[in-house]
Structures are given as structure tokens and as C-alpha cells.
Amino acid sequence: MVKMYGVTRVYAGGAQALRGVNLSIDKGEFVFVVGPSGAGKSTLLSMIYRGTVPTNGQVWVAGRNVVRLRWREVPLLRRRIGIVFQDFKLLPDRSVYDNVAFALEVIEASPREIAKRVPLALDMVGLSHKAQAMPDELAGGEQQRVAIARAIVNDPFIVIADEPTGNLDPDTSMDIMNLLCDINMRGTTVIMATHNQLVVDRLRRRVVQLDEGIVVRDELRGGYCGEA
Amino acid sequence: MSGMSCEVDTAVKLRTMAALGGQALRSLRKTPALTSIMVVMACMAAVSIFAVFAVNLTAIGRQLQSQVQIRVFLDQNTVPDDKEALGNSIRALPGVIKVEYVSQDEALDRLKLQMGESGFFLNDLERNPLPDSFNVSLARAEDARAVAAGIWKLTGVSDVIYGQKWVDNLVGALRVLWGLTGIVACLALVGASLIVSNTIRLSVFARRKEIEIMKLVGATDGFILFPFVMEGLVIGIAGSAAATALVAAGYLGLVTWVKSVASFIPIIRDPIHMRFAVIGTVAFGAIAGLAGSAVSVRRYLKV
Ligand SMILES: Nc1ncnc2c1ncn2[C@@H]1O[C@H](COP(=O)(O)OP(=O)(O)OP(=O)(O)O)[C@@H](O)[C@H]1O
Ligand SMILES: [Mg+2]
């Protein structure tokens, strides 16, 4: 599903975000990416949806060489990937329903398709009853649910989450994790960068640990801190 | 009592109106699109006014030019064969469209006719003092100097005269006017594009969050930039259409006025010219709008 070969990324300022990362993630896996701040987690995730390109090395997603993708093919890749961020990235002047529908409108889905998919996505995240609420009327956890609904509304095969619980309290974080596990259970690959020791240790999924751009640990059913 | 309440009413009304006016002005300042439509309008109006003057003065100039003639006086002792050869040589010069031979007798008759009553003394001449001559008509007056120089080189010519100063002045003035029109057009294009591009930049900035999400969920570049390009196009067209309406109204007024007080001035008023001018101006505005939004879309949308 996702394969990286010798991926290196040097930013314009000279920061070496990734250094020779090799990684293979299968369909349906749930992967935590952990490591200290600045280790390169966000950079690693953005390689998958072509938010950045490697300075060196190759990235393959669903059998396509992402580095070699033409400009007009990038949007098509992103339509198959759902992305969730720490800061939710909701549009404050649109209702919950419209925020989710927005993702379909801008890829020119038919009104029928939109009317069918949006309620399903809202139901999946348990927010059907708040469809007409505005984002600033919602709690943080609810806002993140809206963002997740928007990420899955187009039935992606991968969900990428960059510190989705970063702004949430422990209980709400666990709710969001349960939701991501549900999504993973339906066969969607989930790749999540996090600093949240609690959820990593509780869930015991595959853990990829980065340090200064290098994969220092890749463990099935790992904890946040490894063996020690 | 009732008088007083009326005064209060007026004062309240005035204050309300002032408040509303202020509000309108403030919202105008907050609406960059409207401001830039007005700037585009000013730019396009300037170009239109210059172009209107240039086109009309060129037409007037052309009409005056068609009346410009070169007069060639012949040596008195040229034999008829040589005269004919000379006439043919002149006719062969580039830019010459007509050569008319005027014998000294004809020249005298014309002079008498021109002078009328006061030409009585011409009847008492012993000998015709006028030389034989050619009247040379030109396609374009600006060729007069070159043609005259060419004629000077031919044999049998004693003098060449034409309204040199006048023709040169007219040609020079028209050239300057067209040059100015070109400069104004360039400035207007740059100015209008800049203001449109600034408006689009603000517009992109205002919607940067939406744009970021659109990119993340896989909207195509074309889909993302389309509204911004449209916005630039609409500003360009709206501004130039307003300018055209303004200038056209002024021009039609001028046409009516000229027709009534100075009908000999050949001001252009045929609808084909007008239609061309309207379409041209609006197209020019559209190009400025497109150029402006293209600059901003490329620089700030990074698609
Ligand atoms: N756009 C950028 N331009 C320049 N340098 C960058 C850019 N993005 C990240 N970096 C640098 O690359 C390195 C890795 O950054 P990255 O954001 O991938 O780390 P991270 O593991 O996600 O950190 P955090 O846990 O704080 O989110 C850092 O040194 C960072 O300063
Ligand atoms: Mg990060």
C-alpha cells in the first residue's frame, strides 16, 4: 500500500527532516509514527499525499510512484487519501454538514452523491444530530469528528492523521482513537503521528519511531517507548 | 410645536443619511473589487479618450492631406517632348497618384478666375509671366518631402513648392498623439493589471483556508483557480464597460455639438467605428483583468 525506499528530505533551510527512510505499510494496517518534536513525523506523512517530495529516494502509494506523479494526477491521489490534522482545519462559516460536503463539492461530485455520502459519514462519526451546527458551537472532540467525517466521506483507502489528539483531553482522545479504530476495522489503512503515550501504549499497534529523520524502531504491537 | 418636530425630523434624517453614506464608503473601502473596478474604469477611460482624439484627428488629417499638392514649375525653354518625359518621370515616383499638366496659359486663366474683379490688371500684361507647371497629387502627405526631393533631381525643373511646414507639422503632431496614446494604453494596461492582481491577492488571502482544504481533498488546480480568474475577468470587463459607457456618452454629446456648431469638422460617427471601439475597449479591459489575476494566481496560489 505504502512503500518508501531510501527517502531523504532536506528542507531549503538545510534541515534534514528524513534520512534514508525505508518503510512498508500493508493494506489495512494501523501504524503509529512516534518520536520527539522535529524527528520528521509530519514530513514522513506528507510524503504519502505528496505534500512534499523527497530530495532523494522513492515513495510508492497504491502501486503508483508518487514522486513521478504528474501535476494533474496529484489531486486524484489525494481524493483516495483522507487527511486529519491537529487543528481540525474546519471552515468556520459553514455548518458541520457543509464542511463535510465541501470535500465532495470541490471534487465536483454530483449533488446526489453528496446527499448520499455526507449523512453516512456524519453517522459514522456519531454527529448526525449536529449536522446543522456551526464549528464554533462544538467541543474540540466534536470538531475533530467533523474533520474525520470529511476525511472519510470520499471512501479513502488511507487515512493519515497528524497528531489528531494533540488538542484534546485524554477521554476525548480515547473517543477519537476508538473512531479511528472503527475506520481501520472496515479495512482502511490508518497512519497516525502522535506524541500521545497513553493511546499508543493502550492500543498496542505497529509503532514506527523516528529520531532525527531516521527510523530507530519499527515494532508490531509496540508501546510508545519501546522495550525499555 | 409642529415646526420644531419637523426640524428635529430633518436633523435625524440628515444624520441617518450621513451615517448611511459613511457606511457605504466604508464598505466600498472594504470591497476591494469595487475599488479596483473604479480604477480599471479610470485607466480604460483615459485610453479611450486618447484613442478617440487620435482616431478623429487622423481622419481629419487624412482629409486635409488628400488636398496637399506639389507644384512643379518648369524651365521656360523646355521642349514639349521633354515636358512629357518629365511628367512621366514624376508619375513614376512612389507615392504619386496624379500628375496634371498646367500650361502657362491655363495658369493665367486660373489666376484670373481666382482673383476675379481685382485681377483686371492681368488683362494688360504684354507677356504671360507664369511658367508651365505640373500639379502633383500624393497618396499620403507625409511623402511630400521625399517626392519633392525626387522631383528636384529631374531635369527641366525650375522650382518645386508644397505646404512643407504645414504638412510636416501635421504629420509630426499625429505621430506624437499616437505615441502618447500608445504610452497611455501601456500605462493603463499595467495599472489596471496591477490593481486587479492586488485585488485577487487579497481575495486569495481571504480564502486561503478554503484553498488549503481544497488542495488537501484533491480539488484540481483548475477548479481552485477558476473563481479567481473569473473575478479578475469580471473586474476587467466591468471597469472597461463602465469606461466605455462614460466615454461613449460624452462622445455622442460631442458629435451632436460639433454637428450643430461646426459641421465642417469631419468627426467620426458611423456605428461601425463605434462598435469596434466599444468591443476593443472591453476586450482591452478583459485582457488587463486576466493578466492581473494570472499574475496573482501564479504567485499566491502556487498551483
Ligand atoms: N516547510 C519547512 N521548511 C523548512 N524546514 C522544515 C519545514 N517543515 C519541517 N521542517 C524541519 O524539518 C524537521 C522535521 O520537521 P517535522 O515537522 O517533520 O517534524 P515532526 O516530527 O512532525 O515534529 P512535531 O512533533 O513538532 O510536529 C524539523 O527540523 C523542522 O524544523
Ligand atoms: Mg509534526
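The shown structure was predicted, so the numbers you read here are calculated from the model rather than taken from an experiment. (Residues numbered from 1 in each chain as written. Chains lettered and ligands numbered in written order. Predicted model: local features only at pLDDT ≥ 70, side-chain atom pairs only at ≥ 80, totals over all residues. Heavy atoms only, no water.)

## Some words on the overall build of chain A
No. 1: The helix and strand inventory of chain A stands at 7 helices and 10 strands.
No. 2: Taking 2.2 N^0.38 as the reference for a compact globule, 228 residues should give roughly 17 Å; the C-alpha atoms of chain A span a radius of gyration of 17 Å, in line with that estimate.
No. 3: If you line up chain A on its principal axes, its C-alpha atoms span 45 × 40 × 35 Å.
No. 4: In chain A, buried positions account for 54% of the 228 residues. (Helix = DSSP H or I, 4+ residues; strand = E, 2+ residues; numbered from the N terminus. Rg over C-alpha atoms; globule rule 2.2 N^0.38 Å. Buried < 20%, exposed > 50% of the residue type's maximum accessible area, 1.4 Å probe, protein only.)

## Concerning the interface of chain A and chain B
No. 1: Taken together, the contact pairs 19 residues of chain A with 13 residues of chain B.
No. 2: For the chain A and chain B pair, buried surface summed over both sides reaches about 1400 Å², with 67% attributable to carbon and sulfur atoms.
No. 3: When residues of chain A are sorted by the area they lose upon contact with chain B, A:Arg78, A:Lys89 and A:Val106 head the list and together hold 32% of the total.
No. 4: Taken together, the connections running from chain A to chain B amount to 2 salt bridges.
No. 5: A salt bridge links B:Glu212 to A:Lys89, with the nearest nitrogen and oxygen atoms 2.9 Å apart.
No. 6: The tally of links from chain A across to chain B stands at 5 residue pairs in polar contact (both at pLDDT 80 or more).
No. 7: Going through the elements one at a time, helix H2 (74–78), strand S6 (81–85) and helix H3 (96–105) of chain A are the ones with two or more residues in the side of chain A that touches chain B.
No. 8: It is H3(A) that contributes the most residues to the side of chain A that touches chain B, 3 residues altogether.
No. 9: Tallied by class, the residues present in the side of chain A that touches chain B amount to 12 nonpolar, no polar and 7 charged. (Contact = heavy atoms within 4.5 Å. Buried area = accessible area lost by both parts, 1.4 Å probe. Salt bridge = Lys/Arg side-chain N within 4 Å of Asp/Glu carboxyl O. Polar contact = N/O pair within 3.5 Å; in protein donor to acceptor, adjacent residues only side chain to side chain. Nonpolar A, V, L, I, M, F, W, Y, C, P; charged D, E, K, R; others polar.)

## Remarks on unusual backbone geometry
All names here are of chain A.
No. 1: Although it is not a glycine, Ala62 sits at a positive phi angle of roughly 50°.
No. 2: With respect to the secondary-structure elements, Ala62 resides in the loop between strand S4 (56–61) and strand S5 (64–65).
No. 3: Residue Phe88 is not a glycine yet carries a positive backbone phi of 65°.
No. 4: Here Phe88 shows up in the loop between S6 and H3.
No. 5: Residue class for Phe88 comes out buried when judged on its relative accessible area of 11%.

## Focus: the pattern of salt bridges
Residues and elements named next belong to chain A.
No. 1: Going through the model one piece at a time under the given rule, you end up with 14 salt bridges over all chains.
No. 2: A salt bridge links Lys89 to Asp87; the shortest N-O distance between them is 3.4 Å.
No. 3: For Lys89, a relative accessible area of 12% corresponds to the buried category.
No. 4: Residue Glu219 is joined to Arg217 by a salt bridge in which the shortest nitrogen-to-oxygen separation is 2.5 Å.
No. 5: On the basis of relative accessibility, which here comes to 18%, the residue Glu219 falls in the buried class.
No. 6: Through salt bridges with shared partners, one network takes in Glu29, Arg206 and Asp218.

## Concerning the confidence of the model for chain B
Residue and element names in this part refer to chain B.
No. 1: Model confidence for chain B is summarised by a mean pLDDT of 83, while 90% of its residues fall at 70 or above.
No. 2: Ranking the elements of chain B by mean pLDDT puts helix H1 (residues 2–30) last with 61 and helix H7 (residues 208–217) first with 93.
No. 3: For the stretch residues 1–5, pLDDT sits under 50, and the model shows 0 contacts to residues farther than four places along the chain or on other chains.
No. 4: Interface confidence in the predicted complex, given as ipTM, is 0.93; pTM for the same model is 0.76. (pLDDT = per-residue confidence, 0-100.)

## Some words on the sheet that holds S6(A)
Whether parallel or antiparallel, the strands of a sheet pair through hydrogen bonds between backbone atoms.
Residue and element names in this part refer to chain A.
No. 1: Spatially, the 6 strands line up as an open sheet ordered S6-S7-S8-S3-S9-S10, and their pairing is mixed. A single partner strand is all that each edge strand has here, and the edge strands are S6 and strand S10 (214–219). Ignoring which end each strand starts from, the neighbouring axes of this sheet average 15° apart.
No. 2: Pairing of S6 with strand S7 (residues 158–162) involves 5 bridges; the strand directions are parallel. The residue bridging Ile81 from the neighbouring strand is Ile158, located in S7. (Pairing = 2+ DSSP bridges. Axes fitted to C-alpha atoms, helices over the stretch in contact; angles between N-to-C directions.)

## A closer look at the site of ligand 1
Residue and element names in this part refer to chain A.
No. 1: Lining the immediate environment of ligand 1, one finds 13 residues, of which Ser37, Lys41, Ser42, Thr43 and His195 sit closest.
No. 2: Contact distances for ligand 1 include 3.3 Å between an oxygen atom and a side-chain N or O atom of Glu163.
No. 3: In the model, an oxygen atom of ligand 1 is placed 2.8 Å from a nitrogen or oxygen of the His195 side chain.
No. 4: The protein chains hide 59% of the 630 Å² of surface that ligand 1 would expose on its own.
No. 5: In terms of residues, the shell around ligand 1 owes the most to one element, helix H1 (residues 41–48), which gives 3 residues. (Near = heavy atom within 4 Å. Areas by Shrake-Rupley, 256 points an atom, 1.4 Å probe, with all protein chains shown as cover.)

## A look at the nonpolar core
Where a protein is soluble and globular, its nonpolar side chains tend to be buried together.
Residue and element names in this part refer to chain A.
No. 1: Ranked by internal contacts, the top residues of the largest apolar core, which has 74 residues, are Phe32, Val100, Val118, Leu122, Ile148, Met177 and Leu180.
No. 2: When residues no more than four places from it in sequence are discounted, the contact partners of Phe32 are Met177, Met192, Thr194, Val199, Val200, Leu203, Arg205, Arg206, Val207 and Val208.
No. 3: Ranked by size, the runner-up nonpolar core spans 32 residues in total, among them Val66, Val74, Phe157 and Ile191. (Core = buried A, V, L, I, M, F, W, Y, C linked by side-chain atoms within 4.5 Å.)

## Describing the sheet that holds strand S1 (residues 2–10) of chain A
All names here are of chain A.
No. 1: The antiparallel open sheet is built from 4 strands, whose spatial order is S2-S1-S4-S5. The open sheet has two edge strands, strand S2 (16–25) and S5, and neither has a second partner.
No. 2: Sheet topology places S4 next to S5; 2 bridges connect them, and they run antiparallel. Its bridge partner lying in S5, Trp60 is registered against Asn65.
No. 3: Together, S1, S2 and S4 form the strand contacts of H1, whose direction differs from that of S1 by roughly 125°.

## Remarks on the domain arrangement of chain B
No. 1: In terms of domains, chain B is made up of domain 1 (14–63 + 176–301) and domain 2 (69–162).
No. 2: Relative placement of domain 1 of chain B and domain 2 of chain B: their C-alpha centres are 54 Å apart. (Domains from an automatic or database assignment.)

## Quick look at the packing of helix H2 (residues 32–65) of chain B against helix H9 (residues 271–301) of chain B
All names here are of chain B.
No. 1: The N-to-C vectors of H2 and H9 enclose an angle of 140°; their axes lie 11 Å apart at closest approach. Taken together, the axis directions place H2 and H9 in an arrangement best described as oblique. Relative to H9, H2 is oriented so that their crossing is right-handed. Residues Met44, Val47 and Ser48 of H2 form the contact with H9, whose participating residues are Thr281, Phe284, Gly285 and Ala288.
No. 2: Per-class residue counts for the contact of H2 with H9 are 4 nonpolar, 3 polar and no charged. (Parallel < 35°, antiparallel > 145°, perpendicular 65-115°, else oblique. Left-handed = near helix turned anticlockwise from the far one by under 90°.)

## What about the pairing of strand S8 (residues 189–193) of chain A?
Strand residues, when the strand is regular, have side chains that alternate between the two faces of the sheet.
Residue and element names in this part refer to chain A.
No. 1: Among the 5 residues of S8, 5 are classified as buried, and the element is accordingly described as predominantly covered.
No. 2: Neither face of S8 is open: one carries Thr189, Ile191 and Ala193, the other Val190 and Met192, and all of them are buried.
No. 3: Across 4 bridges, the pairing between strand S3 (residues 30–34) and S8 is parallel. Following the sheet pairing, Val33 is matched in S8 by Ala193.
No. 4: Two strands pair when backbone bridges link them, and S7 and S8 are joined in this way by 5 bridges, in the parallel orientation. Its bridge partner lying in S8, Ile160 is registered against Ile191.
No. 5: For the handedness criterion, the β-α-β arrangement of S7, helix H6 (residues 170–185) and S8 is classed as right-handed. (Right-handed = clockwise from strand over helix to strand, strands pointing away.)

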